[in-house]
Amino acid sequence: MAFDGYSLQLSNVSALNPRLRLASNLVLGQYRHDAVNPIYGERNDKNLAAVTLTLFLSDLFGARGWIGNATLAYAREDNAIDFYDTTASFVSLGVIRRF
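These numbers were taken from a predicted model, which means no experiment stands behind them.

Re the pattern of salt bridges
Pairing is possible between side chains of opposite charge, provided their charged atoms come close. Considering all chains together, one arrives at three salt bridges under this definition. With its nearest N and O atoms 3.9 Å apart, the salt bridge here joins Asp45 to Arg32. Of this pair, Asp45 sits in the loop between strand S2 (20-33) and strand S3 (46-58) while Arg32 sits in strand S2, and the two are 13 residues apart along the sequence. Looking at Asp45, the relative accessible area reads 16%, which means it is buried.

As structure tokens, then:
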């Protein structure tokens with residue numbers, strides 16, 4: 001079963017101060033299947049939306065070259081066939097080393 005659709009992503013990175021940056025992403029999409037699902041007897045069209053926010057802090061704990069990051073993410077996919085509906089969210093913390 002093939003499908004056609006589109007998605008749009010908007011991204012932005014902002015410097016909040018010399019050490020702090022915020023990266024944000026918004027994704028919206030819509031997909032239409034060309035055939036009926038043989039089990040459920042209907043087309044499984046879907047809409048999706050996702051947002052992520054990531055905060056970067058340079059010189060973590062005063063250590064030059066180390067960058068801390070924290071991410072919050074949420075995504076939702078709403079399908080015409082409820083069995084395939086999906087929701088996901090996560091929080092992550094990390095450290096990056098620049099040489």
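Some words on the pairing of S3
Examined bridge by bridge, S2 and S3 share twelve bridges and lie antiparallel to one another. Looking across to S3, one finds that Gly29 is bridged to Leu48. Here S3 pairs with strand S4 (residues 66-79) via 13 bridges, running antiparallel. Bridging from a neighbouring strand, Thr54 pairs with Thr71 of S4.

Considering the environment of Ser92
Turning to its location among the elements, Ser92 is positioned in strand S5 (residues 86-97). Overall, the relative accessible area of 26% leaves Ser92 in the partly exposed class. Note: C-alpha distance between Ser92 and Ser7 (85 residues apart in sequence) is 25 Å. Once residues within four sequence positions are removed from consideration, Ser92 is found in contact with Asn69, Ala70 and Thr71.

Points about the layout of surface pockets
By volume, the largest pocket amounts to about 180 Å³. Together, Arg21, Phe56, Ser58, Asp59, Arg64, Gly65, Trp66, Ile67 and Arg98 line the largest pocket. Of all elements in the fold, only S3 and S4 reach the threshold of two or more residues within the lining of the largest pocket.

A short note on the environment of Gly94
Following the sequence through the fold, Gly94 ends up in strand S5. Sequence separation of Gly94 and Arg21 is 73 residues, and the distance between their C-alpha atoms is 15 Å.

Cut-offs applied
- Residues numbered from 1 in each chain as written.
- Predicted model: local features only at pLDDT ≥ 70, side-chain atom pairs only at ≥ 80, totals over all residues.
- Heavy atoms only, no water.
- Salt bridge = Lys/Arg side-chain N within 4 Å of Asp/Glu carboxyl O.
- Helix = DSSP H or I, 4+ residues; strand = E, 2+ residues; numbered from the N terminus.
- Buried < 20%, exposed > 50% of the residue type's maximum accessible area, 1.4 Å probe, protein only.
- Pairing = 2+ DSSP bridges.
- Contact = heavy atoms within 4.5 Å.
- 1 Å grid on protein atoms, 1.4 Å probe; cavity = no way out; pocket = protein on both sides within 12 Å on 5 of 7 lines; lining within 4 Å.
- Points joined across faces, edges and corners; volume = space filled by probe spheres on them.

Note that all results are geometric; they support no functional claim without further evidence.
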